[in-house]
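A closer look at the structure
Each chain, letter by letter, is given below.
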Amino acid sequence: MQKIKSLMARQGLKSPQESMADLSPIENLRIPSKEELRELRKRPIDPQAEQEIIDGIEEVYFSNDSYDMMQHELEKLPPELNLQELEEYRDKLKSQQAAELERVTALQTSLQLAAVICTNARRQLSVSKEGFTEASLGLLANQRRRQLLTGLLKSLRTIKTLQRTDVRLSEMLEEEDYPGAIQLCLECQKAASTFKHYSCIRYRRRRLMSSLLSCEQLDVALSKTCKHFDVSHYTKVQLAYSLLGKTQTAMDQLHMHFTQAIHNTVFQVVLGYVELCAGNADTKFQKMQYKDLCTHITLDSYIPCLTDLCKALWEVMLSYHSTMQWHEKHDKQEATSAQDSVVAAVSDESMVDRSYVKKKLEHGLTRIWQDVQLKVKAYILGTDMSNFKYDDFIVVLDVISRLMQVGEEFCSSKSEVLQESIKRQSVNYFRNYHRARLEELRMFLENETWELCPVKSNFNISQLHEFKFMGQCRSPSISPSRQAVSSNSLAREELSLFEQYVQEGNPFEMHIENKDEETEDVLASNGYESDELEKSAYQDYDSDSDVPDELKQDYVDEQTGDAPVKSLSRDTMKGKRKSDYNLNKINAPILTNTTLNVIRLVGKYMQMMSILKPIAFDVIHCVSQLFDYYLYAVYTFFGRNDMYESSGLGLISSRLRTTLNRIQENLIDLEAVGENAGVHNATEDRKEKVPSPHLSQLVVLSNTDTLYGLAQRVVATESLVFLAEQFESLQSQLDTMMPAAKKPFLQQFYSQTVSTASELRKPIYWIVAAKAIDYEQMLLMMSGVKWDIREIMSQHNVYVDVLLKEFEQFYKRLGDVSRHVRIPLPVSNVLWEHCIRLANRTLVEGYANVKKCSNEGRALMQLDFQQFLMKLEKLTDLRPIPDKEFVETYIKAYYLTENDMEQFIKNHREYSMKQLANFGQRCVWVSHINKKARQKLLAAIDDIDRPKR
């Protein structure tokens, strides 16, 4: 049929439809003639043969496009033409054309006939139109129903697609493609609005609206960013909320989730530790309030739980910080993309959202940090930490200090809540800790034998673990790799904590330091730096053949590496080889185990101050009590003596006496004695005091051979001086930790207490000097000398030799002591100063007791004193000789005129009233002083003594 249509088109013939369209009911009506009809009936037709001919026609002849048939046939011709074959092929084509035209002509005739029939039928139908109206309406109704059903089918297909949206929506939510899910929901809602007249669609539309409004899964996705912030995840969530037009609502929800995350996080961390430590207990901890739950944390799990708590809170704050950074970056990108007017119009609407989000986030910083502080505060105050070990408590302080540093960087907060809570715990802990340490110090002092603690000559407090936190100069023994790590750490510390740990890690990770490289190496071996030094020291000591006989004895070390007071002769230097040995033997600080313990305590206290500055004053006050108690103990053990006042040497200064009285009044519990020394009453006043310490019975201070415990006195006193020196070196560090309002206390402590440590040397060593030489024997021998001689003597008295012998013996004993304990130059000077002063005052006392004395006797006194000075200068390098003028002035006073004598009595109050009275009585023996003048002198002496009565 298609072939026929093609051929008809090529022949210019019209299709039946076209032919019928062209035929009007009257004009196009042509009835074939009877002859034509008859001719058609009589023509012999072989349908099969005709069909075979038509089927033999090539397909190209039925093509609708303009195809060049002639060119086609020409291209088919062979290279060599055969006329017969061409004629045969021509005949074939003609037969095909004839057959085709035959059928076309027949078809056209049939169509024309059919057109006539159709025309007649149309005419008949028009005639019957009015008679069949009802049937026509039925047909129309069916057609309308068909159209409605077709539209309904289309709607049902759309509804089916909407129902299948749930599956795709769930898949997209599982894939966390929230923007795509929202976009799909919006498209489905738009489609559903078209079919809202269906009840199922109305229900479906309500579900879509509910999904868009509730966005439960989207809200859950938003809450996930509170603990572990992921840029891509958060970007999807924010884009989804932006599609919904709920940016501000999202920010409100986000802050609610952060608050909830803080609560859930701390509760789960604490609950885990409580249940772990409780074991199989039936207590329903999950139903407890967080504050009550914190009270069930055990001491062993306190620090691990606190660390994990801070780690978890850090993750929440880091997520919040990352959220803020995301919005800042996103706002900058949006600001730069707003170029054209259309974008600008949209930007005006989003500007409100951005401003709201920015203010909300900034306000949320303080709110989030406040929640963190309150949760940690409840944990801190939930446990009594008064019985914690020091190291554990320092770890707690360090963790809280690091948390406060996080708060400072997070929202520039001073963390008042944390400071107040940790201050309460610290004050409570430190009071108990300090009380225990004072009791421990008293026990150490009462069991201290005051033996030398051998430390290396380069010992420094920075070598102790307790002072590592100060970051002082590193020891050269530290490897370069460690120093490189330290430099990298310093560079890392320049970054904020959020910059350091934004990718990985946590500021609350517990790092175990390398203990091998930080092991203390401060103790010396038997006091020697090396075996060769010890050996050479003994060799130098054995070689003394060139020492003068009068100096061939042990020598006390007076140099201690310092510059000598004056140049020494060669003989004197040879005589000091033993002192060189003593210098080499222990060229190190003099301190005891108790001193080292006090220094360690000071380091611990300062470490606590550096971590928790609000209690710095309380800690420094306790540090001062450690020094006060040590100073008071040394004075009580070695320096307290009733003979000070009568000595007239001013051994205890008013400042030192005030300090001792203050310590005794404020720190020493004088009521706790004997067996009750360790028992404390409940009175608040006595709780702040410590019983006075008692010297160990193992320390003997009455042995003459040991110079009345001189070695122990030196160790005790010089350890106190060393402790004072360490306090001096720490003053600047303490001053930086001290609150400005309390700095006068620190200054007063240093000026009135620490600086008085060296002043204890005088009263402590005076006792040794007063007992080491028999001054009474010298007075007795001087009383037996006849001074009213009439001729000038060339030989000094025997008592001078006896006194010098005493000094030589003292010199030897000093040497014996120095073999065990190095005697520093200041100590040696004080000892010699005391002995010489006491000897000179004994000389003046002896001279004052002389009842009869001539001028020749005065000359003999001068001779004796000069002999004493000459020999004494060979025993000591102390220059000038103490109280030399004291003796010489008293002797020469007898040669003064009457007026000068009266002035002498008034001006020289350093002499005792007895010595001045005897001076006035003996003036009768002076030839140029008459009786009246003597009475006048006695009256002047009486005037001086009267106010003292």
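Here is what the cut-offs are and how they apply
- Throughout this description, residue numbers start from 1 for each chain and increase along the sequence as written.
- Local features in a predicted model are, by the rule used here, given only for residues with pLDDT of at least 70; side-chain atom pairs are given and counted only at 80 or more, and totals for whole chains, interfaces and linings are based on all residues.
- Based on all heavy atoms of the structure, the side-chain values leave hydrogens and waters out of the count.
- Labels follow the DSSP assignment, with helices taken as runs of H or I lasting at least four residues and strands as runs of E lasting at least two, numbered in each case from the N terminus.
- Here, residues are in contact when the closest pair of their heavy atoms is within 4.5 Å.
- Working definition of accessibility: Shrake-Rupley area with a 1.4 Å probe, residue cover restricted to the visible protein chains.
- Aromatic pairs are defined between Phe, Tyr and Trp rings, using the six-membered ring for Trp, whenever the two ring centres lie within 6.5 Å; interplanar angles under 30 degrees are classed as stacked, those over 60 as edge-to-face, and all others as tilted.
- For every residue, the accessible area obtained with a 1.4 Å probe (protein chains only) is divided by the maximum for its type, and the residue is called buried under 20%, exposed over 50%, and partly exposed between those limits.
- In this scheme, the term charge over a ring applies when either NZ of a lysine or CZ of an arginine sits within 6 Å of the ring centre and within 35 degrees of the ring normal.
- Take the residue count of a helix, subtract one, and multiply by 1.5 Å to get its expected span.
- Polar contact is the term for a pair of N or O atoms within 3.5 Å; when the atoms are in protein, one must be able to donate a hydrogen and the other to accept it, and sequence-neighboring residues count only if both atoms are side-chain atoms.
- Salt bridge, as applied in this entry: a Lys or Arg side-chain nitrogen positioned within 4 Å of an Asp or Glu carboxyl oxygen.
- For every residue, the predictor reports its confidence as pLDDT, a number between 0 and 100.
- Nonpolar cores were defined as sets of buried Ala, Val, Leu, Ile, Met, Phe, Trp, Tyr and Cys residues, with membership established by side-chain atoms within 4.5 Å.
- Patch members must show over 30% relative accessible area and no salt bridge, and they are joined within 9 Å when carrying like charges or within 5 Å when they are nonpolar side chains of Val, Leu, Ile, Met, Phe, Trp or Tyr.
- Each axis is a line fitted through C-alpha atoms, and for a helix only the stretch in contact is used; angles between axes span 0 to 180 degrees, taken between their N-to-C directions.
- Roughly parallel means an angle under 35 degrees; roughly antiparallel, over 145; roughly perpendicular, 65 to 115; everything else is oblique.
- Left-handed describes a crossing whose near helix is turned anticlockwise from the far helix by less than a right angle; the clockwise case is right-handed.
- Ten residues, namely Ala, Val, Leu, Ile, Met, Phe, Trp, Tyr, Cys and Pro, are considered nonpolar, four, namely Asp, Glu, Lys and Arg, are considered charged, and the remaining ones, Gly among them, are considered polar.
- The disulfide definition used here is simple: a pair of cysteine sulfur atoms within 2.5 Å.

1. Observations regarding the overall build of the protein chain
In terms of helices and strands, the protein chain carries 39 helices and two strands. In the protein chain, the share of contacts with a sequence separation of at least 24, taken over all contacts with a separation of at least 6, comes to 80%. When the accessible surface of the protein chain is split by element, carbon and sulfur atoms take 51% of a total near 52,300 Å².

2. Digging into the packing of aromatic side chains
A full pass over the atoms with the stated rule returns 33 aromatic pairs. Ring geometry for phenylalanine 430 and tyrosine 605: centres 4.7 Å apart, planes at 70°, overall edge-to-face. Taken together, the residues span a long stretch of sequence, with phenylalanine 430 in helix H17 (residues 416–447) and tyrosine 605 in helix H23 (residues 593–611) at a distance of 175 residues. With a relative accessible area of 3%, phenylalanine 430 lands in the buried category. Here a set of aromatic residues connected by ring pairs shows up, and it is made of Phe258, Trp314, Tyr320, Phe410, Phe498 and Tyr501. Its guanidinium or amino end placed over the ring of phenylalanine 617, lysine 742 lies 4.6 Å from that ring's centre, counting from NZ or CZ. In this structure, arginine 841 is placed above the aromatic ring of phenylalanine 886, and the distance from its NZ or CZ to the ring centre is 4.5 Å.

3. Structural notes on the environment of cysteine 188
Checked against the element boundaries, cysteine 188 lands in helix H8 (residues 178–194). As a C-alpha pair, cysteine 188 and isoleucine 159 span 29 residues in sequence and 10.0 Å in three-dimensional space.

4. Details of helix H28 (residues 710–729)
With 20 residues, H28 should cover 28 Å at 1.5 Å per step; its first-to-last C-alpha distance of 28 Å lies within 8% of that length. Most of H28 sits inside the fold, with 17 of its 20 residues counted as buried.

5. Examining the side chain of threonine 594
Relative to the helices and strands, threonine 594 resides in helix H23. According to the relative accessible area criterion, threonine 594 is buried, its value standing at 2%. Within the structure, the side chain of threonine 594 is placed 2.4 Å from the side chain of glutamate 448, a separation counted as a polar contact. Not counting residues up to four positions away in its chain, the partners in contact with threonine 594 are Leu441, Phe444, Leu445, Glu448 and Tyr630.

6. Re the pattern of salt bridges
Under the defined criterion, the tally for this structure stands at 17 salt bridges. A salt bridge links arginine 90 to aspartate 91; its shortest N-O distance comes to 3.8 Å. On the accessibility criterion, arginine 90 (43% relative accessible area) is partly exposed. When its relative accessible area of 42% is taken as the criterion, aspartate 91 is described as partly exposed. As a salt-bridge pair, glutamate 466 and arginine 600 come within 3.1 Å of each other at their nearest N and O atoms. Taken together, the positions of glutamate 466 in the loop between H17 and helix H18 (480–493) and arginine 600 in helix H23 put the pair 134 residues apart, joining distant regions of the chain. Glutamate 466 sits in the buried class, given a relative accessible area of 12%. Because the salt bridges share partners, they merge into one network encompassing Arg435, Glu439, Arg442 and Glu446.

7. Here we look at the confidence of the model for the protein chain
Detailed conclusions should not be drawn from predicted coordinates in areas where pLDDT is low. The share of residues in the protein chain with pLDDT of 70 or more is 72%, and the mean pLDDT across the chain is 77. Per-element averaging of pLDDT across the protein chain places helix H20 (residues 531–542) at the bottom with 38 and H28 at the top with 94. Note on residues 340–346: pLDDT is under 50 here. Beyond four places in sequence and across chains, it has two contacts. Below a pLDDT of 50 lies the segment residues 512–517, which in the model reaches four contacts outside its immediate sequence neighbourhood of four places, other chains included.

8. Quick look at the nonpolar core
Generally speaking, soluble globular proteins have nonpolar side chains that are buried together. Phe807 and Phe868 are the most contacted members of the largest nonpolar core, which totals 210 residues. Ranked by the residues each element gives to this core, the list is headed by helix H24 (residues 616–639), at 16 residues. Ranked by size, the runner-up nonpolar core spans six residues in total, among them Ile54, Ile57, Met69 and Ala99.

9. Some points on a nonpolar patch on the surface
A grouping of Leu74, Leu77, Leu81 and Leu86 is seen on the molecular surface, where their side chains present a nonpolar patch of about 350 Å² in accessible area. Tracing the sequence through the fold places leucine 86 in helix H6 (residues 83–128).

10. What about H24?
The end-to-end C-alpha separation of H24 is 33 Å, in line with the 34 Å expected for 24 residues at 1.5 Å each. With 21 of its 24 residues buried, H24 lies for the most part within the structure.

11. Section: the packing of helix H33 (residues 798–818) against helix H35 (residues 855–872)
Where H33 meets H35, the closest approach of the two axes is 10 Å, and the angle between their N-to-C directions is 25°. The angle between H33 and H35 places the two elements in the roughly parallel class. The handedness of the crossing between H33 and H35 is right-handed. Along its contact with H33, which presents Tyr799, Val800, Leu803, Leu804 and Phe807, the element H35 presents Asp864, Gln867, Phe868, Lys871 and Leu872. Considered class by class, the residues forming the contact of H33 with H35 number seven nonpolar, one polar and two charged.

12. Examining the packing of helix H32 (residues 775–783) against H33
Following both chains from N to C, one finds H32 and H33 inclined at 170°, their axes separated by 9 Å at the closest point. One finds that H32 runs roughly antiparallel with respect to H33. Residue-level inspection shows Gln777, Met778, Met781 and Met782 of H32 in contact with H33, the latter providing Val798, Tyr799, Val802, Leu803 and Glu806. Considering only residue class, the contact of H32 with H33 consists of seven nonpolar, one polar and one charged.

13. Concerning unusual backbone geometry
Cis geometry is adopted by the peptide bond preceding proline 880, which originates at arginine 879 and carries an omega value of -10°. You can see proline 880 is positioned in the loop between H35 and helix H36 (884–892). A positive phi angle is found at tyrosine 708, which is not glycine, with a value near 55°. One can find tyrosine 708 in the loop between strand E2 (690–691) and H28. You will see that aspartate 883, though not glycine, has its phi angle at about 60°, which is positive. Along the chain, aspartate 883 falls in the loop between H35 and H36.

14. Notes on the environment of leucine 612
Checked against the element boundaries, leucine 612 lands in the loop between H23 and H24. When neighbours within four sequence positions are excluded, leucine 612 is seen to be in contact with Leu397, Ile422, Lys423 and Ser426.

15. Considering the state of the cysteines
Among covalent bonds in proteins, the disulfide is the one between the sulfur atoms of two cysteines. The tally for this structure, following the rule as stated, stands at zero disulfides. The thiol of cysteine 277 is unpaired, and the distance to the nearest cysteine sulfur, on cysteine 305, comes to 8.4 Å.

16. Some details on the environment of alanine 711
Tracing the sequence through the fold places alanine 711 in helix H28. Classification of alanine 711 by relative accessible area gives buried; the value is 17%. Each C-alpha atom, one on alanine 711 and one on arginine 822, is 8.7 Å from the other, the two residues being 111 residues apart in sequence.

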